[in-house]
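Below are the chains, spelled out letter by letter.
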Amino acid sequence: MKIGIPRVLLFYRYYPMWKAFFENLGLEVVPSSITNKEIVDTSVETSVSEACLPIKLVYGHVLDLKEKVDLIFIPRIVGLEYHTYMCPKFIGIPDMIRNAGLKIPPIIDPIIDKRNFRTGFIRGFFELGRFFTKSSTKIIRAYVESLKALRSYNERLKMGITPLEILDNRNFRKDGIKLKIGVVGHCYEIYDEFISGGMIGILNRLGVRVLSMEMVDWKDILKEADVLPKRLFWTFGRELYGTARYFIKRNLVDGIIMVVAFGCGPDSLIRELIERDLTKPIDFPEVTVTIDEHSSELGLITRLEAFVDMLARRKQYENNLSSVW
Amino acid sequence: MKITYPPFGDARIAIESMLRGLGHTIVPPPPSTNKTLSIGVKYAPEFACLPLKITLGNYIEAIEEGADTILMLGGIGPCRFGYYAEVQRRILKDLGYNVDWIILDLSNGWGNLLKSIKRLVGRNSPIRVIRVLQLAWEKVLAIDEIEKLSRRARPFERYKGEVDKIVQETHKRLDQAESISQIKQVLVEYREEIDSIIHKNDLEDLVKIGIVGEFYVVLDHFTNFEIAKRLGDLGVLAENAFYIEEIVRIYFPLFRSGDIDRRTRVALPYIKRSVGGEGQRTIAHTIEFAEKGFDGVIHLLPFTCMPEVVAEGVLERVSRDYNIPVLTLSIDEQTGLAGINTRIEAFVDMLKTKKSRRKVV
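Calculation criteria
- Residues numbered from 1 in each chain as written.
- Chains lettered and ligands numbered in written order.
- Predicted model: local features only at pLDDT ≥ 70, side-chain atom pairs only at ≥ 80, totals over all residues.
- Domains from an automatic or database assignment.
- Contact = placed C-beta atoms within 7 Å.
- Helix = DSSP H or I, 4+ residues; strand = E, 2+ residues; numbered from the N terminus.
- Pairing = 2+ DSSP bridges.
- Right-handed = clockwise from strand over helix to strand, strands pointing away.
- pLDDT = per-residue confidence, 0-100.

Participant: Looking at this structure, how should I read the domain arrangement of chain B?
Facilitator: Often, the extent of an interface is quoted as the loss of accessible area upon association of its parts. Residues and elements named next belong to chain B. The assigned domain composition of chain B is domain 1 (2-124), domain 2 (125-199) and domain 3 (206-360). Distance between the C-alpha centres of domain 1 and domain 3: 26 Å. The interface of domain 1 with domain 3 comprises 17 residues on the first partner and 19 residues on the second. Secondary-structure elements contributing two or more residues to the side of domain 1 that touches domain 3 are helix H2 (34-43) and helix H3 (50-64).

Put into structure tokens, the structure is as follows:
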């Protein structure tokens, strides 16, 4: 049996884990194609016009898989942390796809709910495994294997390799690096090269080393976000705020690029928090890139070049600036 | 301490009654206008949802009038509403307004919630507090009844604005009522006046439209362009899926009833798990209206509202399955009155034609 995994949302974060799990249960895993114009067009046609681009793309990627697989895997992710939610659209996406009137293979949507249950992850995988096998030992073995796969994937990320290099066989140059920039955004925005307009590649060509959340220890990031007087109730929000604070406080980067999808609910507020709490008070260089299906690559290149030039000049005269932290 | 609050719709009567009863000086925010909206839009994050912008405008207008404390609710997500207070607090601070916040929020633990409640209650005795809450609750129920009846009467108005006049009078008297029996008296008189307008025999022939969606937009008359009034003027019986009572029941566990969960259950085949806000309930209410024989449903949401976007994605299917037309109106600061009017009128025309054809057959 072939199971299709759309290359959207948490794909760049959990694909190796899901792949290992399914393969251990004897399934063949087929990821959807890398986002292209055709996928974007079908997405825009079939989806809710008000959703953010990453959610819209789920429609296109599912349709891309339609002919190739027997089942489609769209987990219903309620929470990745105890007492913390995902964006409502992550909770509702299987329902949205199922009721969109697309003629597609059956959808498998296990609930991954770490918000209410500390054991949410293993519960979700058990529910998932039950679709294919009755044997609990088989599921547990597959789960252990999948955790191993995830761990080795995360270790490689922490060495500074981007998910694109691991999963999509891209190559980025390692020499001639003059600046470090932290890209603060969700993995499905930064690493989907259509959504981000190939931002990582452009920055790399400009001689910038990109740091992203994936390259830092998750727990450390979340610890940074705990300084907020009211705990954020979105895991993603905590991640973004924590990443920005981590990078700025430890002086790891020369500047920050925030990537925000048009219409993203949590980010509309998180951006405001980051700007008002972290970057504005100390004049830390920051640029926000808002993306939607109409964004053009040229506009992006212009802005990134300007930002990088500005940082380079600033670095040159850094000795003239007072240190702020 | 001069206290102000985020107003929505007619709920202000009940909120003011409660605050006044607890002995606070209140500075009610001036009624929302386009000016309120433009103040809010100017300072709020660009992509935040509309209620955040309007309430921010309300606060600033109230502060200009002398308020120094803001009463607000918090939340535990996943809807953005739960973080409103935090963001608005920062914005007001950066603008240089020095205000105190009383945030009723459970996410920082019971201790903090109790502290906020204590500030609100002050030195009132528990019995007094219970009486005040009781009175406010009765006012909520009265406001809802006034609203419900006014919607039945509006299609039969003898002259334009007749019902509005009665409602405004009644609201004023309700505002002054200081005991439950007085509220009852106000309602009795109101019912009499309204009943004389309604033609009971023709009620069944009216086109009936249900209104579902996100609570602030559904209940706040300014935000939804007084959609109920507009529909009434077009000769349509417009009914809300919920009124203020249900919102209070949802947000305050003290008043919670199992009824809400029971009502939501019909949505399970479409949205299996709550997606926060009103997302799942929107589906349930739409199904409910279809089963009650309504002719159409209008779905209201603030632009980019996350739970409602999920609902919107599913509504098309519900509309087809239950054979009920749905018009989705997503509202933000760019929405124009003319656009809303045109769409409502077209929708009502379509429903009227459909209804009259059915009758002929």
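From this point, the narrative continues.
Participant: Would you mind showing me how to read the sheet that holds strand E2 (residues 25-26) of chain B here?
Facilitator: The strands making up a sheet associate through backbone hydrogen bonding, with each pair oriented either parallel or antiparallel. Residues and elements named next belong to chain B. If you walk across this open sheet you meet the four strands as E2-E1-E3-E4, and the pairing is parallel. Because the sheet does not close on itself, it has two edges, and the strands there are E2 and strand E4 (100-104). Sheet analysis places strand E3 (residues 69-73) next to E4, joined by five bridges and oriented parallel. Bridged to Thr 69 within E4 is Asp 100.

Participant: Any chance you could explain the sheet that holds strand E1 (residues 2-5) of chain A here in plain terms?
Facilitator: Residues and elements named next belong to chain A. The parallel open sheet is built from four strands, whose spatial order is E2-E1-E3-E5. Because the sheet does not close on itself, it has two edges, and the strands there are strand E2 (28-31) and strand E5 (107-108). When E1 meets strand E3 (residues 71-73), the two strands line up parallel, connected through two bridges. Looking at the pairing, Ile 3 lines up with Leu 71 of E3.

Participant: Help me out: how do you make sense of the pairing of E2(A) in this one?
Facilitator: Along a regular strand, successive side chains alternate from one face of the sheet to the other. Residue and element names in this part refer to chain A. As defined by bridge partners, E1 adjoins E2 across four bridges and the pair is classed as parallel. Within E2, the position partnered with Ile 3 by the bridge is Val 29. Handedness of the crossover joining E1 and E2 through helix H1 (residues 11-24) is recorded here as right-handed.

Participant: For this particular structure, what's the right way to read the domain arrangement of chain A?
Facilitator: Residues and elements named next belong to chain A. Annotation of chain A at the domain level lists domain 1 (2-157) and domain 2 (161-320). Domain 1 and domain 2 are separated by 25 Å when their C-alpha centres are compared. Counting residues at the interface gives 27 residues for domain 1, matched by 28 residues for domain 2. Broken down by secondary-structure element, the contributors of at least two residues to the side of domain 1 that touches domain 2 are H1, helix H2 (37-46), helix H3 (53-65) and helix H6 (136-158). Take the side of domain 1 that touches domain 2: its biggest share by element is four residues, from H1.

Participant: Teacher, can you tell me more about the confidence of the model for chain B here?
Facilitator: The predicted coordinates of low-pLDDT regions are not to be read in fine detail. Chain-level pLDDT for chain B is 88 on average; 99% of the residues reach the 70-or-more range. Reported for the predicted complex are a pTM of 0.88 and an ipTM of 0.83.

Participant: Would you explain the environment of Ile291(A) in this entry?
Facilitator: All names here are of chain A. Looking at the secondary structure, you find Ile 291 in strand E10 (residues 286-291). Along the backbone, Ile 291 and Gln 316 are 25 residues apart, and their C-alpha atoms lie at a distance of 31 Å. Setting aside residues up to four positions removed in sequence, Ile 291 forms contacts with Leu 53, Glu 189, Ile 195, Ser 196, Gly 197, Val 259, Ala 261 and Phe 262.

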